[in-house]
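The primary structure of each chain is shown beneath.
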Amino acid sequence: MRHHLILRVITKLLVGMIMLFALYVQFHGDYSPGGGFQAGVIMAVAFILYGLVFSVGQVQQVFPPWLVHKLVALGVLIYAGTGVYSMLTGYAFLDYGALSPDHPEHGQHWGILLVEAGVGITVTAVMVSIHYAFVGRTPMISDEEW
Amino acid sequence: MDQFTLPFIIGHLNYWLFTLLMMTGLYIVVAKGNLVKKIVGLNMFQTSVFMLYISMGKVTGGTAPIFPIDMQIDPDVVYSNPLPHVLILTAIVVGIATTALGLALIVRIREEYHTIEEGLIQKIELEKATREIREFGEVMGGGE
Amino acid sequence: MVNAIAVVRTRSLFAVAMLSGAFSLLSALLFVTLDAVDVAFTEAAVGGGISTVLLLGTLALTTRFERHAEHSPFLPLFVVIVTGAAIIYGTLDMPNFGDPSAPVHQHVGPDYLARSPHEIGVPNVVTAILASYRGYDTMGETAVVFAAGIGVMVLLSGLRRRRRRDGSIEDREEDG
């Protein structure tokens, strides 16, 4: 596995930048195009790229499957939890005014932030776990076959 | 037939192009036997529906529905309709999730039947069914 | 358009996967020109990135070439042409492209545009609608993504263990 030198070097450079970009898209989604869905996909792409160029085993050391599976559920729970919290404090389900009763507009900002975080986590985890599932079954392909 | 004026044709050309694209996708789904290709066809169909929605949200002279960052909104600026964008945005992500599910099914089918061609799968299924009827038909009360 | 027809004709599935990625990127460009920057962003990331990788992953697990079709293409072609004609007939009543007085722009869309600056205070209206006004929708979509992820996991990773246990029985059946 000591071939593809250029791919390996470039990947090492890119993965960090892709993750940084994903975080930017996630938290700057209120002001520019972007949001949880896009950020989740981009974040997942960083892991998938690393897994493709190096090996799945190496990615799974950093981002083990059990953690991915937990995160899949965690994202949905954050989303629904936001709704339940606002319901418990006497507002309608998913009414973000509950998060900052004195200043509803700030509550909206917090709500959007939380909900987008939930979406981002779920999408990242689902995409990465789908990729793990596919790659986990793939027999090793040698370069000559392609 | 006097409704077919030039502005009418230009105004509807987008719908017709997207329909053409949609039908290309549908043709792949119906006519091609390879399951992976069917999924690609479905994706194409899906994308052309997205284009149809987005093109409905477009307003002539409009711009992307993002306000200036200081929230000083100029009332003269026309924004395109943001609602179709929201619907399609989520639809794309759901679409890829369902595509992944379909591909996973194909992988399982391949492991079971060793082929991903629709015709061959049907043939194998038919053989299996006739063999089962021959073996168990009388017990089940049907016979041949 | 050319791209789409190429997908119909090509039998090498590897090329089909690449073409569908290119198709996604082209449609992302189209979305930018139609003012849907958020959508274009998503389409480029999802269609150009993830779905191509997934298609290639599937191809690695299956085969790379398509067989010749067994039946003639005329019946499907007929069905497709009839359907297309019906849809085009339906579009004749549609408003012109970019017409500001179209029914789409009369109801909730402008309402969101007018209300979100002082109710939500977020510059990107798409995000505001996505997460706040249509929060229920988005939660449902997240749940769908969640369910699809679980489905793929069950289909691809879960069954292997059971398989190994059943292996001996299947082998015996094939011998007999």
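Values in this document were obtained by computation on a predicted structure and should not be read as measured data.

**Q** Give a description of the overall build of chain C that names residues and reports values.
**A** Helix and strand content of chain C: 7 helices and 0 strands. Listed N to C, the secondary structure of chain C is α-α-α-α-α-α-α in terms of helices and strands. In chain C, buried positions account for 41% of the 176 residues. Nonlocal contacts in chain C, meaning residues at least 24 apart in sequence, comprise 43% of its contacts between residues at least 6 apart. As presented, chain C carries roughly 8,900 Å² of accessible surface, and 65% of it is formed by carbon and sulfur atoms.

**Q** Report on the packing of helix 1 (residues 5-27) of chain A against helix 2 (residues 36-53) of chain A, specifying residues and quantitative values.
**A** Residue and element names in this part refer to chain A. At their nearest, the axes of helix 1 and helix 2 sit 8 Å apart, and the two run at 165 degrees to each other. Taken together, the axes of helix 1 and helix 2 are roughly antiparallel relative to one another. Seen along the crossing, helix 1 lies across helix 2 with a hand that is left-handed. For the pair formed by helix 1 and helix 2, the contact residues are Leu 7, Arg 8, Thr 11, Val 15, Ile 18, Met 19, Phe 21, Ala 22, Leu 23, Val 25 and Gln 26 on the first element and Gly 36, Gln 38, Ala 39, Ile 42, Met 43, Ala 46, Phe 47, Leu 49, Tyr 50 and Val 53 on the second.

**Q** Explain the interface of chain A and chain B residue by residue, including any values.
**A** Listed as interface residues are 10 residues of chain A and, on the opposing side, 12 residues of chain B. For the pair chain A and chain B, the summed buried surface comes to about 900 Å²; carbon and sulfur atoms form 83% of the total. It is A:Phe37, A:Phe134 and A:Arg137 in chain A that bury the most area against chain B; as a group they hold 50% of the surface buried on that side. Inspection of the region where chain A meets chain B yields 0 salt bridges. Applying the counting rule to chain A against chain B returns 0 residue pairs in polar contact (both at pLDDT 80 or more). At the level of secondary structure, the elements contributing two or more residues to the side of chain A that touches chain B comprise helix 2 and helix 5 (104-137) of chain A. A total of 5 residues in the side of chain A that touches chain B trace back to one element, the largest contributor, which is helix 5 of chain A.

Scoring rules and cut-offs
- Starting afresh in each chain, residues are numbered from 1 along the sequence in its written order.
- Written order decides the labels, with chains lettered from A and ligands numbered from 1.
- The predicted origin of the model limits local features to residues at a pLDDT of at least 70 and limits the giving and counting of side-chain atom pairs to 80 or more, whereas totals for whole chains, interfaces and linings rest on all residues.
- Heavy atoms throughout the structure, all of them, feed into the side-chain values; hydrogens and water do not.
- Secondary structure elements follow DSSP: runs of H or I no shorter than four residues count as helices, runs of E no shorter than two count as strands, and numbering proceeds from the N terminus.
- The cut-offs for exposure are 20% and 50% of the maximum accessible area for each residue type, with area from a 1.4 Å probe on protein chains only; residues under the lower value are buried, those over the upper are exposed, and the others partly exposed.
- Contacts between residues were defined by any pair of non-hydrogen atoms, one from each residue, lying within 4.5 Å.
- Shrake-Rupley sampling with a 1.4 Å probe provides the accessible areas, and residues are treated as covered by the protein chains on show and by no other component.
- Only the stretch in contact is used when a helix axis is fitted, and all axes are lines through C-alpha atoms; the angle between N-to-C directions ranges over 0 to 180 degrees.
- Angles are sorted into four bins: roughly parallel if under 35 degrees, roughly antiparallel if over 145, roughly perpendicular if 65 to 115, and oblique for all others.
- Throughout, a crossing is termed right-handed when the near helix is turned clockwise from the far one, and left-handed when it is turned anticlockwise from it by less than a right angle.
- Buried area counts how much accessible surface, traced with a 1.4 Å probe, disappears from two parts once they are put together, with both parts' losses summed.
- A carboxyl oxygen of Asp or Glu within 4 Å of a side-chain nitrogen of Lys or Arg is what we treat as a salt bridge.
- Any pair of nitrogen or oxygen atoms within 3.5 Å is treated as a polar contact; in protein, a donor-acceptor pairing is required on top of that, and neighbouring residues in sequence qualify only through side-chain atoms on both sides.

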